[in-house]
Amino acid sequence: MMMGLRSSSRSSVTCGARPSCWAMPTISSRPPGPAWRQGSRSTRMLPARLVTPIPGSEHLETRNRSEAKLSDHNMRIELRELGSHVGDEVVIEGWVQTVRAHAKVAFVVVRDGTGLVQAVMGRQDVDPATWEAATTVTQESTLVVTGTVRKEPRAPGGYEIGVSRFTVLAPGGEFPIQPKEHGVDFLLDHRHLWLRSTQQRAILRVRAEVEQAIHDYFYERGFVRIDTPILTGAIGESAGTLFETDYFGERAFLAQTGQLYVEAAAAAFRKVYCFGPTFRAEKSKTRRHLTEFWMLEPEVAFADSNDNMRLQEDLLTYLVQRALERCGEELTVLERDTTLLERVRPPFPRVSYTEAVARLQAAGSSIQWGEDLGAEDETKLAAYELPVFIYNYPREAKAFYMKENPDDPRTVLCNDLLAPEGYGEIIGGSQREDDLDKLLARIREEHLPEAAYNWYLDLRRYGTFPHSGFGLGLERTVAWITGRHHVRELIPFPRMLHRLTP
RNA sequence: UGGGGUGUAGCUCAAUGGCAGAGCGCCUGGCUGUUAACCAGGAAGUUGCAGGUUCGAGUCCUGCCGCCCCAGCCA
């Protein structure tokens, strides 16, 4: 959340797990596996067939349409529906994944974004121009292929298309990303092309599913989505961690949290959340940091810190279950061991900060009460199968807006949630200080600009109320669910230190 | 900002201080069902930049630059 306000070798990217076909260029150093075989999403969650007769299509160029004089039975389909078209002559559009051309038979594996299919032709079964086109086409060339669908156990995905027409809409050129490992830097420089690879597609599908699950979860529970501003005014010392921009001659900053705004909205709607991009100018260079990332921030009126933790574990359980239920193929492609994910159920273990320090000291750590937990400490504490809550930190280690713990004023009512398997902090939350005088005292103690927080203090002047909320880092959460090492792969176009393009 | 690595063909990497190479990709040819196909051949290099040591530097030394990992900061 917004703690910031307080004061404010190279390696090869395994884009995939194994050095393998470009379809899953991976950061090197992983054992080979069969992930590339899992190209097709098959028929899982296939809704009604999305069949569109070619004659109605607007985007195919005339020449292609005229070349494909289709009978009434010819249909343009998406590859995910392939299984329901066995025996049909269909038209597919997509990109070349691999080509295997022999003297008298050729195989072209086509990806259309919804699935994968092998197009096959015998030399004597097609005209010379078609044969020439299919045997000289290169990776990522754009195709329109007409042919008959049949079951074929030898084909990837179990089906293939016997080609009758094969049209190259555009050449693939010398596609930079090859069927092999690449370095991280190279892949990130080509992120716009890397997205097409099997593992990257799987990763981003899981991300999209989790995002949808977030909205579904809160919608079904009566939360109101509040979109908070991205451009914000000056708020003082914390500027070092904020991206500054010019706002008609005024200083403005890109938001690093929506929390203050959802606190205001909580008094209007009781249960609210915001979910959007957030910006941190910290010069962090670790696998857990991005300068632009997506954060979910629920805020609930009349919820105390315990209610807050219950919401967190219930939400996270829901998100993990959704990913397991609907992204099984993606997790398989990613070679994610899902045994631990399947056990994610409330309640999660709860360890107080004070207890955590005692445990760490007993284990030989030199940490002293009052110090914030380091990454190594967190990893030790997260040695559970479930995510673990660490709650009630010393107030000096946390943000000004966190509510003083009535049972131990040295601490505040807050929690971090540490994911297992070394993924670390994915949530930070707290009960908010709802007492005007105490909040004001904290703002002064931190030497924050009081005037900038005047409207925030109004929330305590006019019908103040107990409330709690938290911030969940989307990329960190999805990194854990998908088992990826670095958050940069969990966002389509990562923004990091010294990386602003593509 | 510290600490540790690393930089050689388009890409991934080799090369005791002694002729700069392989695989992939690309081009040419061969091969009825491939599975990252395979076989044969071809094109492809200012070894990150600037100095230095040496008969000789990709290799050793100094400085600079880029990137990666870890830490701090946090989601």
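Starting afresh in each chain, residues are numbered from 1 along the sequence in its written order. Naming scheme: in the order in which they are written, chains are lettered from A and ligands are numbered from 1. Note on the predicted model: pLDDT of at least 70 is required for a residue's local features to be given, and 80 or more for side-chain atom pairs to be given and counted; whole-chain, interface and lining totals, by contrast, use all residues. The basis for the side-chain values is all heavy atoms of the structure; hydrogens and waters are excluded.

1. Points about the environment of Ala441
At step 1: Strands here mean DSSP runs of E at least two residues long; helices mean DSSP runs of H or I at least four residues long; both are numbered from the N terminus. Here Ala441 shows up in helix H12 (residues 436-445).
At step 2: Judged by relative accessible area, which is 40%, Ala441 ranks as partly exposed.
At step 3: Once the C-alpha coordinates of Ala441 and Phe400 are considered, the two residues, 41 residues apart in sequence, prove to be 9.2 Å apart. We call a residue buried when its accessible area falls under 20% of the maximum for its residue type, exposed when it is over 50%, and partly exposed in between, using a 1.4 Å probe and counting protein chains only.

2. A closer look at the packing of helix H6 (residues 259-269) against helix H13 (residues 454-461)
At step 1: Comment: axis = line fitted to C-alpha atoms, over the contacting stretch for helices; angle = value between 0 and 180 degrees taken between N-to-C directions. One can describe the packing of H6 onto H13 by two numbers: an axis separation of 10 Å at closest approach and a directional angle of 30°. If you check the angle between H6 and H13, you find them roughly parallel. Crossing of H6 over H13 shows left-handed handedness. Where H6 abuts H13, its residues Gln259, Leu260, Tyr261, Glu263 and Ala264 lie against Trp455, Tyr456, Leu459 and Arg460.
At step 2: The class makeup of the residues in the contact of H6 with H13 is six nonpolar, one polar and two charged. Working rule for angles: under 35 degrees goes down as roughly parallel, over 145 as roughly antiparallel, 65 to 115 as roughly perpendicular, anything else as oblique. By definition, any crossing whose near helix is turned counterclockwise from its far helix by less than a right angle is left-handed, and any crossing with a clockwise turn is right-handed. Contacts are assigned to residue pairs that have any heavy atoms within 4.5 Å of one another. Put simply, Ala, Val, Leu, Ile, Met, Phe, Trp, Tyr, Cys and Pro go in the nonpolar bin, Asp, Glu, Lys and Arg in the charged bin, and everything else, Gly too, in the polar bin.

3. Side note on the pattern of salt bridges
At step 1: Salt bridges, as used here, are contacts in which a Lys or Arg side-chain nitrogen is within 4 Å of a carboxyl oxygen on Asp or Glu. Enumeration according to the criterion identifies 35 salt bridges in this entry.
At step 2: Lys403 is the partner of Glu433 in a salt bridge, and the nearest nitrogen-oxygen pair spans 3.5 Å. Of the two residues, Glu433 sits in the loop between strand S18 (424-431) and H12 while Lys403 sits in the loop between strand S16 (388-391) and strand S17 (414-419), which places them 30 residues apart along the sequence. This pair shows no difference in class: Glu433 is buried, exactly as Lys403 is.
At step 3: It is possible to trace a salt-bridge network through shared partners that takes in Arg395, Glu396, Arg442, Glu445 and Glu446.

4. Details of the pairing of strand S19 (residues 467-473)
Both faces of the sheet carry side chains from a regular strand, because those side chains alternate between them.
At step 1: Burial within S19 is extensive, with seven of its seven residues counted as buried.
At step 2: When DSSP finds two or more bridges between two strands, those strands count as paired. As judged from the five bridges shared by S18 and S19, these two strands associate in the antiparallel manner. Paired with Gly428 across the bridge in S19 is Gly471.

5. What about a nonpolar patch on the surface?
At step 1: Together, Leu231, Tyr247 and Phe248 line one region of the surface with nonpolar side chains, adding up to about 370 Å² of accessible area.
At step 2: Here Tyr247 is to be found in strand S11 (residues 244-247). Only residues above 30% relative accessible area that lack a salt bridge enter a patch, with like-charged residues linked at up to 9 Å and the nonpolar side chains Val, Leu, Ile, Met, Phe, Trp and Tyr linked at up to 5 Å. Only the protein chains shown count as cover for residues, and the accessible areas themselves come from Shrake-Rupley with a 1.4 Å probe.

6. Side note on the sheet that holds strand S10 (residues 231-233)
Across a sheet, strands are paired by hydrogen bonds formed along the backbone, either parallel or antiparallel in direction.
At step 1: On the basis of which strands lie adjacent, the open sheet formed by three strands has the order S10-S12-S11 and antiparallel pairing. Two strands bound the open sheet, and with one partner strand each, they are S10 and S11. If you compare each strand with its neighbour and ignore which way they point, the axes differ by 50° on average.
At step 2: Both S10 and strand S12 (residues 250-254) contribute to a ladder of three bridges, which runs antiparallel. Residue pairing for S12: Gly233 is matched across the bridge by Ala252.

7. Details of the side chain of Lys403
At step 1: The exposure class assigned to Lys403 is buried, which follows from its relative accessible area of 18%.
At step 2: With residues near it in sequence (within four places) discarded, Lys403 still touches Val412, Leu413, Gln431, Arg432, Glu433 and Asp434.

8. A look at the environment of Asp435
At step 1: Inspection of the secondary structure puts Asp435 in the loop between S18 and H12.
At step 2: Separated by 25 residues in the primary sequence, Asp435 and Arg460 have C-alpha atoms spaced 6.5 Å apart.
At step 3: Any pair of N or O atoms that falls within 3.5 Å is considered a polar contact. Within protein, one atom must be able to donate a hydrogen and the other to accept it, and sequence-neighbouring residues count only if both atoms are side-chain atoms. Within polar-contact distance, the side chain of Asp435 engages the backbone nitrogen of Lys438 at 2.9 Å.

9. Here's the deal with the packing of aromatic side chains
At step 1: Aromatic contacts are taken between Phe, Tyr and Trp rings whose centres are within 6.5 Å, Trp giving its six-membered ring; a plane angle under 30 degrees counts as stacked, one over 60 as edge-to-face, and the others as tilted. Going through the model one piece at a time under the given rule, you end up with 15 aromatic pairs.
At step 2: When the ring of Tyr353 is compared with that of Tyr393, the centres are 5.3 Å apart and the planes differ by 40°; the resulting orientation is tilted. With Tyr353 in helix H10 (residues 353-362) and Tyr393 in the loop between S16 and S17, this pair connects stretches of sequence that are 40 residues apart.
At step 3: Taking the relative accessible area as the measure of exposure, Tyr393 reaches 0% and is therefore buried.
At step 4: When the centroid spacing of 6.3 Å and the interplanar angle of 75° are considered together, the rings of Phe400 and Tyr456 count as edge-to-face. Of the two residues, Phe400 sits in the loop between S16 and S17 while Tyr456 sits in helix H13, which places them 56 residues apart along the sequence.

10. Structural notes on the nonpolar core
At step 1: Membership of the largest hydrophobic core comes to 59 residues, with the highest contact counts inside it found for Leu319 and Trp480.
At step 2: Among residues more than four places away in sequence, those in contact with Trp480 are Leu316, Val320, Arg336, Leu341, Val344, Pro387, Ala419, Pro420, Glu421, Tyr423 and Ile426.
At step 3: The definition of a nonpolar core used throughout is a set of buried Ala, Val, Leu, Ile, Met, Phe, Trp, Tyr and Cys residues joined through side-chain atoms within 4.5 Å. In terms of nonpolar packing, the next biggest core, distinct from the first, is built from 28 residues, Val351, Tyr353, Tyr453 and Tyr456 among them.

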